[in-house]
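Letter by letter, the chains look like this.
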Amino acid sequence: MADLTPTPDRPGLHVSKPSPNAPATGSAVCHCGATATATGDSQVKALVEGYTANHGAAHNRTGR
């Protein structure tokens, strides 16, 4: 399986929860340079919400 962790060259959002009893983990890298990681279901939920509201497709490719 390919490494799905986002990098500055491959920005994006990656979330993992290997089992129902394991805490979720997440990482995000935006093409504007912002990065973030989170561990725990509620923290990962906040990471996803923040990334989708403020990064990724929320702003254009020029990084504004």
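The rules behind the values
Residues numbered from 1 in each chain as written. Predicted model: local features only at pLDDT ≥ 70, side-chain atom pairs only at ≥ 80, totals over all residues. Heavy atoms only, no water. Helix = DSSP H or I, 4+ residues; strand = E, 2+ residues; numbered from the N terminus. Expected span 1.5 Å × (residues − 1). Buried < 20%, exposed > 50% of the residue type's maximum accessible area, 1.4 Å probe, protein only. Arc of directions from axis to C-beta. Contact = heavy atoms within 4.5 Å. Pairing = 2+ DSSP bridges. Salt bridge = Lys/Arg side-chain N within 4 Å of Asp/Glu carboxyl O.

## Details of helix 1 (residues 41–54)
- If you check helix 1, its first and last C-alpha atoms are 20 Å apart, about what 14 residues at 1.5 Å a residue would give, namely 20 Å.
- By the burial criterion, the buried members of helix 1 are Val44, Leu47 and Tyr51. One face of helix 1 carries all of its buried residues, which in axial projection span an arc of 55°. Residues of helix 1 that are exposed and point more than 90 degrees away from the buried face comprise Ser42, Lys45, Thr52 and Ala53.
- Buried residues along helix 1 sit against strand 1 (12–16), strand 2 (25–29) and strand 3 (35–39).
- Phi turns positive, to about 60°, at Gly56, one or two residues after helix 1.

## Some details on the pairing of strand 3
- One ladder, built from five bridges, connects strand 2 with strand 3; its direction is antiparallel. Residue Val29 lies in a different strand from strand 3, and its bridge partner there is Thr35.
- Between the end of strand 2 and the start of strand 3, which pair antiparallel, lie five residues, with Gly33 showing a positive phi angle near 110°.

## Re the pattern of salt bridges
- One pass over the full model with this rule turns up two salt bridges.
- For Lys17, the salt bridge goes to Asp41, with nearest N and O atoms at 3.0 Å. With a gap of 24 residues between them, Lys17 in the loop between strand 1 and strand 2 and Asp41 in helix 1 connect regions that are remote in the sequence.
- In this structure, the salt-bridge partner of Lys45 is Glu49, at a minimum N-O distance of 3.8 Å. A residue pair is termed a helical-turn pair when its members lie 3 or 4 positions apart in one helix, as Lys45 and Glu49 do in helix 1 at four residues.
- Owing to a relative accessible area of 45%, Glu49 belongs among the partly exposed residues under this scheme.

## As for the environment of Val44
- Of note, Val44 is situated in helix 1.
- For the pair Val44 and Thr25, spaced 19 residues apart in sequence, the C-alpha separation works out to 6.2 Å.
- When neighbours within four sequence positions are excluded, Val44 is seen to be in contact with Val15, Ala24, Thr25, Gly26, Ala38 and Thr39.

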